[in-house]
Amino acid sequence: MSTPVVSVEPPAPQIDPDSAGYWRGLAEHEVRLPRCSQCGKVRFPPLDACPYCGEPGGEETVLSGVGTVYSFIVLHRTFHPAFEADLPFAIAVVDLEEGPRVAARIEAPPESVSIGMRVGARYVDHESWTELRFAPQDS
Ligand SMILES: [Zn+2]
């Protein structure tokens, strides 16, 4: 017996003061993360201090949104009805060009996703937030 597909909004992220700039950037279709003013490293998640050298603060930086797939999994089941209709799909850990490593869905058939694949950011606007995804990048 098949389950009817229900149109449900995916759960929204819990936005806090540290991550507000990141989510505001996604809403404007940019990847923005803090760059350390001391060591220059860009960090994810967007913490209030640098995890590499301890320097507080940092400068919000617009990133290229381009990276490579470090690893990935393919989801065949989901724990939320909002994702049922999309199965199966790939979630990858992506190394961004500027250094940070982020996890996001890959908008491509799961069988076409591979480690080392070049990907570029895509932005999916939900009711109250924007989701970062990636798609294979045309070189
Ligand atoms: Zn630092």
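Our subject is the structure that appears above.
Residues numbered from 1 in each chain as written. Predicted model: local features only at pLDDT ≥ 70, side-chain atom pairs only at ≥ 80, totals over all residues. Heavy atoms only, no water.

1. Details of the coordination of the zinc ion
Around a metal, the ideal angle is 109.5 degrees if four donors adopt a tetrahedral arrangement and 90 or 180 degrees if six donors adopt an octahedral arrangement.
Okay, step 1: Coordination of the zinc ion by the protein comes from C36 (SG), C39 (SG), C50 (SG) and C53 (SG), over a distance range of 2.3 to 2.4 Å.
Okay, step 2: Each of the four donor atoms bound to the zinc ion contributes to angles spanning 100 to 120°, and the resulting shape is tetrahedral.
Okay, step 3: In primary-sequence terms, the residues that donate to the zinc ion follow C-x2-C-x10-C-x2-C. In this pair, C36 sits in the loop between β1 (32-35) and β2 (59-62) while C53 sits in the loop between β1 and β2, placing the two residues 17 residues apart along the sequence.
Okay, step 4: By relative accessible area, which is 4% here, C36 ends up buried. (Donors = N, O, S within 2.8 Å, 3.2 Å for Na, K, Ca; no water. Tetrahedral: all angles 85-135°; square planar, octahedral: opposite > 155°, others 65-115°. Helix = DSSP H or I, 4+ residues; strand = E, 2+ residues; numbered from the N terminus. Buried < 20%, exposed > 50% of the residue type's maximum accessible area, 1.4 Å probe, protein only.)

2. Some remarks on the sheet that holds strand β4 (residues 89-96)
Okay, step 1: Read once around its circumference, the closed barrel built from five strands follows the order β3-β4-β5-β7-β6, with strand pairing classed as mixed. Each strand axis lies, on average, 50° off the axis of its neighbour in the sheet, ignoring direction.
Okay, step 2: Lying on the sheet, helix α1 (residues 20-27) is in contact with β6 (118-125) and β7 (130-136); it crosses β7 at an angle near 65°. (Pairing = 2+ DSSP bridges. Axes fitted to C-alpha atoms, helices over the stretch in contact; angles between N-to-C directions. Contact = heavy atoms within 4.5 Å.)

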